[in-house]
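# Commentary on secondary and tertiary structure
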Number of protein chains: 2
Amino acid sequence: MHEIRKDIIRDNWVITATEFVLKPRDFPVKKLTADESKPVPGYNAHCPFCEGNEAVTTDEIAAFRKDGTQPNKPGWTVRAILNKFSALDMNGELDMQRQGIFEHGNGFGQHEVLIETPLHGQEFHQLSLERIESVFKMMQLRYNDLVNDERIKYIQIYKNRGLFAGASLEHSHSQIVAVPIVPQNKTAMIKYYEEHHRCMICEMIEAEINKQERVVFEGKHFIIICPYASRFPYESWIIPKQHESHFGDINAEELKEAALLAKKTIAAMIDGLHDPSYNMIINTAPVNVPHQEGYHWHLEINPRLLVNAGVEIATGYFINPAAPELSAAALRTLVAEQMAIGEQ
Amino acid sequence: MHEIRKDIIRDNWVITATEFVLKPRDFPVKKLTADESKPVPGYNAHCPFCEGNEAVTTDEIAAFRKDGTQPNKPGWTVRAILNKFSALDMNGELDMQRQGIFEHGNGFGQHEVLIETPLHGQEFHQLSLERIESVFKMMQLRYNDLVNDERIKYIQIYKNRGLFAGASLEHSHSQIVAVPIVPQNKTAMIKYYEEHHRCMICEMIEAEINKQERVVFEGKHFIIICPYASRFPYESWIIPKQHESHFGDINAEELKEAALLAKKTIAAMIDGLHDPSYNMIINTAPVNVPHQEGYHWHLEINPRLLVNAGVEIATGYFINPAAPELSAAALRTLVAEQMAIGEQ
């Protein structure tokens, strides 16, 4: 059976299976990636993100480094640089122009890359927990620095891993895009808060804990769920249980748990879903605008087991051939297995 | 340089290059598809869409057949069936249910497949013009039949060709999805017409003909443009020059020209863009609702040279690394070359 489910967070619809139609082995996409040869982590002379090749990148914005090492030289563990092929730059202001029916703005904003490891071929979920914490700390540092610029209204942190998630470079990295316009799909939660004086995600967490149908794991500060209107098979959200608007505001203990849950969820997907491409996305409140407190930040991990087809491009609706309830059941076991390994 | 361009048709934004950043050869995706072995057109025992394998599919809804042949038997050129893995069925009515914050409807609607050729491995652009006309005629027949059901409010016709366009079967086919809700991204044009008593697309055509920057080809009834806010590199729209709301209403002469332009545009892309995956999408007016006449139907062909990455999923905005103006210039030459071959 199928349902059309309302995605209240993005004010959209998802056509979803309510029983599995496709099982992990049936997805067409992973067959192409499963046989990709994986390099042994190390140095790659042709990779701009490898330690030793710093001269090839734009200047370092920030880095965690060994004492006594110099910027733009070896000795770092996490490194933030400007995206060399950025669509955006921070000169001037957002400048909107209109000519008849054609309206455009200049490419105002900032596009950064966070290199997550000095080693080529070392994957995000293979990093030690301490290293993943460092990556999240660097994201937070960059986020809080960009917030200080009043011209910036939204900061999108995301990661593309694998060809089917849009990754163009193999070396493990995330990206940060700071823009002068709040994306439309971030506004429904804020409007709901203004109208109802309640948070959609707080209500969602309460309902999910009551139902226990789509909960993958519950930690001290965070809960992992497969959301009701999941757009992707095995889509998983890591959500702070207490209402919190800005990713930039989380404390060290929360950051440590978020890092652990991201590592374990991704490791569970890599292990259980045949090494899929995936996107990790941090949805957080708009900045430098009113009513930010209505937003409830959360981290989203989307395995990319299917390609968006014509019907999705044409209608704007997603089709999810795997029931979120059954995705959650499968991930519950897989994440528990990863947790049993301990904080490696 | 980059611009943020307003997509007025879908009320969204596209971050677009204004000069080429990626040239046809630079796209990562086509490298995987270019070497795919192409079968010689013929019979494939394992393909449910091949002539001779009719018993494997659901019952035929309609077909163009040789005189004296029976439904669900060989002898057809174009054949419409129900999608065996449909997410939708036409029993009952749309029934919306709400439980707290969770809202869903049943999977009401119809999902059909149009098999475009009896031969496996014969591609859409390789069909004779007469055969492509037959495919468009069958789309029109099915469209006009589905319109008669008052419960249906939108009919989406689309085609997925190749892995990176979401095709799951190789045998050339299109799909028709009839749904009881008008997709949100079809409503901006209608609202504009209601408010301004003018059609967005009529204005767009006038401006494009004046500018001649993004026009690929101008025919008697149709114009081909790369739209101002193109979401995909080399995205091309085939638009009727006279305001016309429903694809189902076009006459035989218009249908013939639309078939010719679709064939030539796709052949130009296959030839000039290294055999890309693509989606062909027919955007047409909602049905059985007021104010349909504000919509201006058009056909969209989107080569899929990139995968939608994390930033697109996260923000809902598309990023197009190829300037529509330069895409149009390249396609102008490629389409002219195909036109010179004649109506093959």
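Residues numbered from 1 in each chain as written. Chains lettered and ligands numbered in written order. Predicted model: local features only at pLDDT ≥ 70, side-chain atom pairs only at ≥ 80, totals over all residues.

### Thoughts on the overall build of chain A
Within chain A, the secondary structure is distributed over seven helices and 15 strands. Against the globule reference of 20 Å for 344 residues, chain A gives a C-alpha radius of gyration of 20 Å, in line with a compact fold. Taken along its principal axes, the extent of the C-alpha atoms in chain A is 60 × 50 × 40 Å. The contacts of chain A with a sequence gap of at least 6 include a subset with a gap of at least 24, amounting to 70%. (Helix = DSSP H or I, 4+ residues; strand = E, 2+ residues; numbered from the N terminus. Rg over C-alpha atoms; globule rule 2.2 N^0.38 Å. Contact = placed C-beta atoms within 7 Å.)

### Here's the deal with helix H2 (residues 129–147) of chain A
All names here are of chain A. Compared with an ideal rise of 1.5 Å per residue, which puts 19 residues at 27 Å, H2 spans 27 Å between its outermost C-alpha atoms and is within 8% of the ideal. Of all the positions in H2, only Ile132, Val135, Phe136, Met138, Met139, Arg142, Tyr143 and Leu146 are classed as buried. Mapping the buried residues of H2 onto a view down its axis gives an arc of 150 degrees, with all of them on the same face. (Expected span 1.5 Å × (residues − 1). Buried ≥ 20, exposed ≤ 12 C-beta atoms within 10 Å, placed from the backbone. Arc of directions from axis to C-beta.)

### Some thoughts on the confidence of the model for chain A
Mean pLDDT over chain A stands at 92; residues scoring 70 or higher make up 94%. Scored as a complex, the prediction yields pTM 0.93 and ipTM 0.91. (pLDDT = per-residue confidence, 0-100.)

### Description of the packing of helix H5 (residues 252–272) of chain A against helix H7 (residues 324–341) of chain A
All names here are of chain A. Between H5 and H7, the least distance of the axes is 8 Å, while the angle of their chain directions is 115 degrees. Between H5 and H7, the interaxial angle falls into the category roughly perpendicular. In terms of crossing hand, the pair formed by H5 and H7 is right-handed. Taken together, the residues of H7 that come into contact with H5 (itself represented by Lys264, Thr265, Ala267, Ala268, Asp271 and Gly272) are Ala330, Leu331, Leu334, Val335, Gln338 and Met339. Residues of the contact of H5 with H7, tallied by class, amount to seven nonpolar, three polar and two charged. (Axes fitted to C-alpha atoms, helices over the stretch in contact; angles between N-to-C directions. Parallel < 35°, antiparallel > 145°, perpendicular 65-115°, else oblique. Left-handed = near helix turned anticlockwise from the far one by under 90°. Nonpolar A, V, L, I, M, F, W, Y, C, P; charged D, E, K, R; others polar.)

### Description of the sheet that holds strand S6 (residues 102–106) of chain B
Strand order in the open sheet formed by five strands is S15(A)-S2(A)-S1(A)-S6(B)-S5(B), and the pairing between neighbours is mixed. Both edges of this open sheet fall to strand S15 (318–320) of chain A together with strand S5 (96–99) of chain B, since each of them pairs with a single strand only. Geometrically, the sheet is characterised by an average inter-axis angle of 25 degrees between neighbouring strands, direction not taken into account. Inspection of the sheet shows S5 of chain B paired to S6 of chain B by four bridges, in the antiparallel sense. By the bridge assignment, Gln99 of chain B is partnered in S6 of chain B with Phe102 of chain B. (Pairing = 2+ DSSP bridges.)

### A look at the interface of chain A and chain B
Each partner contributes to the interface: chain A provides 56 residues, whereas chain B provides 56 residues. Contributions of two or more residues to the side of chain A that touches chain B are made by strand S1 (2–7), strand S6 (102–106), strand S8 (154–161), strand S9 (173–179), helix H4 (200–211), strand S13 (278–283) and helix H6 (310–315) of chain A.

### Structural notes on the pairing of strand S10 (residues 215–218) of chain B
The side chains of a regular strand alternate between both faces of the sheet. Residue and element names in this part refer to chain B. Where S10 and strand S11 (residues 222–225) come together, three bridges link them in antiparallel fashion. Residue pairing in the sheet places Glu218 in a bridge with Ile223 of S11. Between S10 and S11, which pair antiparallel in sequence order, lie three residues.

### Remarks on the relation of the copies chain A and chain B
At an RMSD of 0.0 Å, chain A and chain B line up after a rotation of 180 degrees and a shift of 0.0 Å along the axis. On the angle and the small slide along the axis, the relation comes out as a two-fold axis. Interface overlap between copies: 100% of the residues of chain A at the interface are likewise at the interface in chain B, consistent with a symmetric, same-surface contact. (Least-squares fit on C-alpha atoms with pLDDT ≥ 70 in both.)

### Things to note about the nonpolar core
Here is a general trend for soluble globular proteins: nonpolar side chains tend to be buried in one another's company. In this structure, Ile224 of chain A together with Ile224 of chain B are the most contacted members of the largest nonpolar core, which totals 180 residues. When residues no more than four places from it in sequence are discounted, the contact partners of Ile224 of chain B are Val216, Phe217, Ser236, Trp237, Ile238, Leu261, Thr265 and Val335 of chain B. Judged by nonpolar contacts, the second largest core, of eleven residues, contains Ala87 and Phe108 of chain A together with Ile4 and Trp13 of chain B. (Core = buried A, V, L, I, M, F, W, Y, C linked by C-beta atoms within 7 Å.)

### Considerations on the pairing of strand S12 (residues 236–240) of chain A
All names here are of chain A. Burial analysis of S12 places five of its five residues in the buried class, which makes it a mostly covered element. Every second residue of S12 is oriented toward a common face, with Ser236, Ile238 and Pro240 on one face and Trp237 and Ile239 on the other, all of them buried. Note: strand S11 (residues 222–225) against S12, four bridges, orientation antiparallel. Looking at the pairing, Ile225 lines up with Trp237 of S12. With three bridges joining them, S12 and strand S14 (residues 298–303) adopt antiparallel strand pairing. For Ile238, the partnering residue across the bridge sits in S14 and is Leu299.

### Focus on the environment of Ser245 of chain A
Residues and elements named next belong to chain A. Relative to the helices and strands, Ser245 is located in the loop between S12 and H5. Since 22 C-beta atoms lie within 10 Å of it, Ser245 is described here as buried. Measuring from C-alpha to C-alpha, the distance between Ser245 and Ala258 comes to 15 Å, with 13 residues separating the pair along the chain. With residues up to four places along the chain from it excluded, the contact list for Ser245 reads Ala285, Gln292, Glu293, Tyr295, His296 and Trp297.

### Section: helix H3 (residues 188–196) of chain B
Residue and element names in this part refer to chain B. When we look at burial in H3, the residues that qualify are Met189, Ile190, Tyr192 and Tyr193. Axial view of H3: buried residues confined to an arc of 160 degrees, hence all on one face. Among the exposed residues of H3, those oriented more than 90 degrees off its buried face are Glu194 and Glu195. Turning to H3, the residues buried within the fold contact helix H4 (200–211). Immediately downstream of H3, the backbone of His197 shows phi near 55 degrees, a positive value.

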